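Tertiary structure, described
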Amino acid sequence: MNIAIITGSAGLIGSEAVAFFADKFDKIIGVDNNLRQYFFGEDGDTSWNKNRLQSGYVNYEHVAIDIRDEVAVNDLFAKYGSDIKLVLHAAAQPSHDWAAREPYTDFTVNANGTLNLLENTRKHCDKAVFIFTSTNKVYGDNPNFLPLIETDTRWEIDENHPYYKNGIDEKMSIDHTKHSLFGASKVAADILVQEYGNYFGMNTGVFRGGCLTGPNHSGAQLHGFLAYLMKCAISGQQYTIFGYKGKQVRDNIHSFDLVNMFWHFYQKPKPGAVYNAGGGRYANCSMLEAISVCEEISGQTMNYAYSDTNRIGDHIWYISDLSSFIADYPDWYYKYDLTTTLKQIHDGILARSIETVK
Ligand SMILES: NC(=O)c1ccc[n+]([C@@H]2O[C@H](COP(=O)([O-])OP(=O)(O)OC[C@H]3O[C@@H](n4cnc5c(N)ncnc54)[C@H](O)[C@@H]3O)[C@@H](O)[C@H]2O)c1
C-alpha cells in the first residue's frame, strides 16, 4: 500500500495537498486538530475544510491528533509502517505576531512537533520522503537591510543589486537578525529537517515559503494576507495596514503551485535540500497594489486604515528566487498568476458564505 500522511490537512497547504495527492496514493491520512481556531478564533476555524475533504475524497481519513502528542503520533506511524511513502508536514502555528503571545505553544508546535514527526518517520518508514513547509522568516529581517528604493506604489530593490532579477536566494544568512519567536521556532524545525537528510541520509526537503495563498485559506487578521484582505473587501470590514506606507512587497504563490513543487521533489528527492518557494518575480505585490486588485475584483471600495507602526520583523521587500529549485526540477513552472489567484479567493469566500447562509 502507498500511504501519504499530511499534517495540517485542513489548512491551506494541507488541504491542497490532499486534493493533489488523492489519486496518486492508495490512502491519504490527514492529521489536523483545528488548532488554527484556537490561534485565530472563528476566522481561523478549518472544520469546513476538513468536512469538504471527508466528503470529497473516499481514500481520505482524518485523524484529529496533535502533532506534539508522542504516543498518538507513534501509534499512527507504527500502524502503517513502511507503507508510508510520503510525510508532508504542513501543520504549524503560522503567525509571527501570535507567537509572542504564547512562545511555549508556538515553539512546541513548530519545533517539537516537527521533531516528533521526523523521529517517527525515521523509526517506522525511513525511506519515506519528508517534506517540510518552512518560511522566509528563517532569514529574519535580513532582507530589510537590502538597498531598497521607494516608488509610487511599492518598495523595490536597487536594480544593480544581484537580487533584482530573480529575488532572494537560499544563501541569504539566517544569522545576526531578528526572526520573531515564530521565525526562531521555524528555524529550529528547518534545521532539524535538514539534519535528518544530511546526518541520517533520509529523503527530507525544506521549502521556505514566501506568502502562500489560495481559495481554501481560512484567512484571519494575523495570518493569511490575501485571503483576509479579500474577506475585508467583500464584507466591508476595516483592514489595517501596518507601517512601511503600505508599500511592503510580498511574493505570493498559489497553494497548487507549491504542492506541485512537492510532487516534483517526491518523485526525485534530494536529501537535506533547501529551496525558497514563493511567487517570485512571477507573482508579487505591495499592500497598496493588492488592495487595488481586490477592489477591482470585488467591485467594492476597501475600508482601510493605516497605522505607522510596522509589525515587528515584517519584511519591507521579499521576493523569492526559485532558480535553484527550477534548476533541479526543470519541468515545474507556475500555473496561477496573482489576479487569477485573487479571483479564486474571491469566489471561494462568496461560495462559502452562501453555504453558511443556507
Ligand atoms: N500561509 C503562508 O503565508 C505561509 C508562509 C510561509 C510558510 N508557511 C508555512 O506553511 C505551512 C502551512 O501553512 P498554511 O497557511 O496552510 O497554515 P494553516 O494554518 O492554514 O494550516 C495549518 C493547519 O495545521 C493545523 N495544526 C496546527 N497545529 C497543529 C497541531 N499541533 N496538531 C495538529 N494540527 C495542527 C491547524 O489547525 C491548521 O488547519 C505552515 O508550516 C506555515 O508555517 C505558510
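I will try to describe carefully the structure that is included in this document. (Residues numbered from 1 in each chain as written. Predicted model: local features only at pLDDT ≥ 70, side-chain atom pairs only at ≥ 80, totals over all residues. Heavy atoms only, no water.)

Examining the sheet that holds strand 9 (residues 211-213)
Stated formally: Strand pairing is defined by DSSP finding a minimum of two bridges between the two strands. Here a helix means four or more residues in a row that DSSP labels H or I, a strand means two or more in a row labelled E, and each is numbered from the N terminus. As a rule, the C-alpha atoms of each element are fitted with a line to give its axis, helices using only the stretch in contact, and angles between N-to-C directions run from 0 to 180 degrees.
Strand order in the open sheet formed by three strands is 9-11-13, and the pairing between neighbours is mixed. Edge positions in the open sheet fall to strand 9 and strand 13 (284-286), since each of these has one partner strand only. The average undirected angle you get between the axes of adjacent strands in this sheet is 40°. Here strand 11 (residues 249-254) pairs with strand 13 via three bridges, running antiparallel.

Examining the packing of helix 6 (residues 103-124) against helix 8 (residues 180-198)
We count it as follows: Roughly parallel means an angle under 35 degrees; roughly antiparallel, over 145; roughly perpendicular, 65 to 115; everything else is oblique. In what follows, a contact means two residues having at least one pair of non-hydrogen atoms within 4.5 Å. Here the nonpolar group is Ala, Val, Leu, Ile, Met, Phe, Trp, Tyr, Cys and Pro; Asp, Glu, Lys and Arg are the charged ones; every other residue, Gly included, is treated as polar.
Two numbers describe how helix 6 lies on helix 8: the axes approach to 8 Å, and their chain directions differ by 10°. By the angle between their directions, the pair helix 6 and helix 8 is classed as roughly parallel. Touching Pro-103, Asp-106, Phe-107, Asn-110, Ala-111, Thr-114, Leu-115, Leu-118, Glu-119 and Arg-122 of helix 6 are Leu-181, Phe-182, Ser-185, Lys-186, Ala-188, Ala-189, Leu-192, Val-193 and Tyr-196, all from helix 8. Residues of the contact of helix 6 with helix 8, tallied by class, amount to 12 nonpolar, three polar and four charged.

Some words on helix 1 (residues 12-21)
So the rule is basically this: For the exposure calls, accessible area comes from a 1.4 Å probe over protein chains only, and a residue counts as buried if that area is under 20% of its type's maximum, exposed if over 50%, partly exposed in between.
The element helix 1 is largely enclosed, with a buried count of nine among its 10 residues. Buried within helix 1 we find Leu-12, Ile-13, Gly-14, Ser-15, Glu-16, Ala-17, Val-18, Phe-20 and Phe-21.

Focus: the packing of aromatic side chains
Threshold: Aromatic rings from Phe, Tyr and Trp, taking only the six-membered ring of Trp, are treated as a pair when their centres fall within 6.5 Å; an angle between ring planes under 30 degrees marks them as stacked, one over 60 as edge-to-face, and anything in between as tilted. Both a distance and an angle decide whether a charge sits over a ring: NZ of Lys or CZ of Arg must be within 6 Å of the ring centre and within 35 degrees of the ring normal.
The full count for this structure, using the stated rule, is 30 aromatic pairs. On the basis of an interplanar angle of 55° and a centroid distance of 5.6 Å, the ring pair of Phe-20 and Phe-256 is categorised as tilted. A residue pair is termed long-range when its members are at least 10 positions apart, and Phe-20 in helix 1 and Phe-256 in helix 10 (residues 255-267) qualify at 236 residues. One aromatic cluster in this structure is built from Phe-207, Phe-262, Phe-265, Tyr-275, Tyr-282, Phe-325, Tyr-329, Trp-332, Tyr-333 and Tyr-334. A cation sits over an aromatic face here: Lys-335 above Phe-256, 4.9 Å from the ring centre. It is Arg-352 that lies over the ring of Trp-48; its NZ or CZ is 4.0 Å from the centre.

Things to note about the sheet that holds strand 5 (residues 129-135)
Strand order in the open sheet formed by seven strands is 3-2-1-4-5-8-12, with parallel pairing between adjacent strands. One side of each edge strand has no neighbouring strand; the edge strands of this open sheet are strand 3 (60-63) and strand 12 (273-277). Taking each pair of neighbouring strands and ignoring which way they run, the sheet shows an average axis angle of 20°. Bridge count between strand 8 (residues 203-209) and strand 12: five bridges; the pairing is parallel. In the sheet register, Arg-208 faces strand 12, and the bridge partner there is Asn-276. Sitting on the sheet, helix 1 touches strand 1 (3-7), strand 2 (27-31), strand 3, strand 4 (84-89) and strand 5, and the angle it makes with strand 1 is about 165°.

Considering the site of the ligand
This is how the line gets drawn: Put simply, a residue is near a molecule or strand once any heavy atom of it comes within 4 Å of that molecule or strand. Here a polar contact means two N or O atoms within 3.5 Å. Within protein one must be a hydrogen donor candidate and the other an acceptor candidate, and residues neighboring in sequence count only if both atoms are side-chain atoms. Only the protein chains shown count as cover for residues, with accessible areas throughout obtained via the Shrake-Rupley method and a probe of 1.4 Å.
Every one of the 30 residues lining the ligand counts as a neighbour, but Ile-13, Asp-32, Arg-36, Lys-186 and Gly-210 are closest to it. Here an oxygen atom of the ligand sits 2.9 Å away from a polar atom, N or O, in the main chain of Ile-13. Alone, the ligand offers 820 Å² of accessible surface; in the complex the protein occludes 97% of this. Of all elements in the fold, only helix 1, helix 2 (35-40), strand 5, helix 8 and strand 9 reach the threshold of two or more residues within the shell around the ligand. A total of three residues in the shell around the ligand trace back to one element, the largest contributor, which is strand 5. Taken together, the residues that form the shell around the ligand break down as 14 nonpolar, 12 polar and four charged.

Digging into the side chain of Asn-144
Position of Asn-144 among the secondary structure elements: in the loop between strand 5 and strand 6 (148-150). For Asn-144, a relative accessible area of 15% gives the class buried. For Asn-144, the side chain forms a polar contact with the main-chain oxygen of Asp-314, separated by 2.9 Å. In this structure Asn-144 touches Tyr-244, Asp-314, His-315, Ile-316 and Trp-317, once residues within four positions along its chain are discounted.

Notes on the pattern of salt bridges
Spelled out, the test is: Criterion for a salt bridge: a side-chain nitrogen of Lys or Arg within 4 Å of a carboxyl oxygen of Asp or Glu.
Under the counting rule described, the total for this entry stands at 15 salt bridges. Across the salt bridge formed by Asp-23 and Lys-24, the nearest N and O atoms sit 3.3 Å from each other. Overall, the relative accessible area of 32% leaves Lys-24 in the partly exposed class. One salt bridge in this structure joins Glu-119 and Arg-122, with 2.8 Å as the shortest N-O distance. With Glu-119 and Arg-122 both in helix 6 and three residues apart, this pair spans about one turn of that helix. Residue Arg-122 is classed as partly exposed on the basis of its relative accessible area of 33%. One network of salt bridges, with partners in common, ties together Arg-154, Glu-156, Arg-281 and Glu-289.

Notes on the nonpolar core
Here is the rule we go by: What we call a nonpolar core is a set of buried Ala, Val, Leu, Ile, Met, Phe, Trp, Tyr and Cys residues that are connected through their side-chain atoms within 4.5 Å.
Counting 34 residues, the largest nonpolar core has Phe-21, Leu-86, Leu-88, Phe-207, Met-261 and Phe-262 as the members making the most contacts within it. Sorting the residues of this core by element identifies strand 1, helix 1, strand 4, strand 5, helix 10 and strand 12 as the ones contributing at least two each. Aside from chain neighbours lying at most four places away, what touches Leu-88 is Ile-5, Ile-6, Thr-7, Ala-17, Phe-21, Ile-131 and Phe-262. Leu-35, Phe-77, Ile-84 and Ala-91 belong to the second-largest nonpolar core, a separate cluster that totals 33 residues.

Describing the state of the cysteines
Heads up, the rule is: Any two cysteine sulfur atoms lying within 2.5 Å of each other are counted as a disulfide.
Tallied over the entire structure, the rule returns zero disulfides. Free cysteine: Cys-285, not disulfide-bonded; nearest cysteine sulfur from Cys-211 at 7.8 Å. Note on Cys-285: relative accessible area 3%, which makes it buried. Between Cys-294, a free cysteine, and Cys-285, which holds the nearest cysteine sulfur, the sulfur-to-sulfur gap is 8.3 Å.

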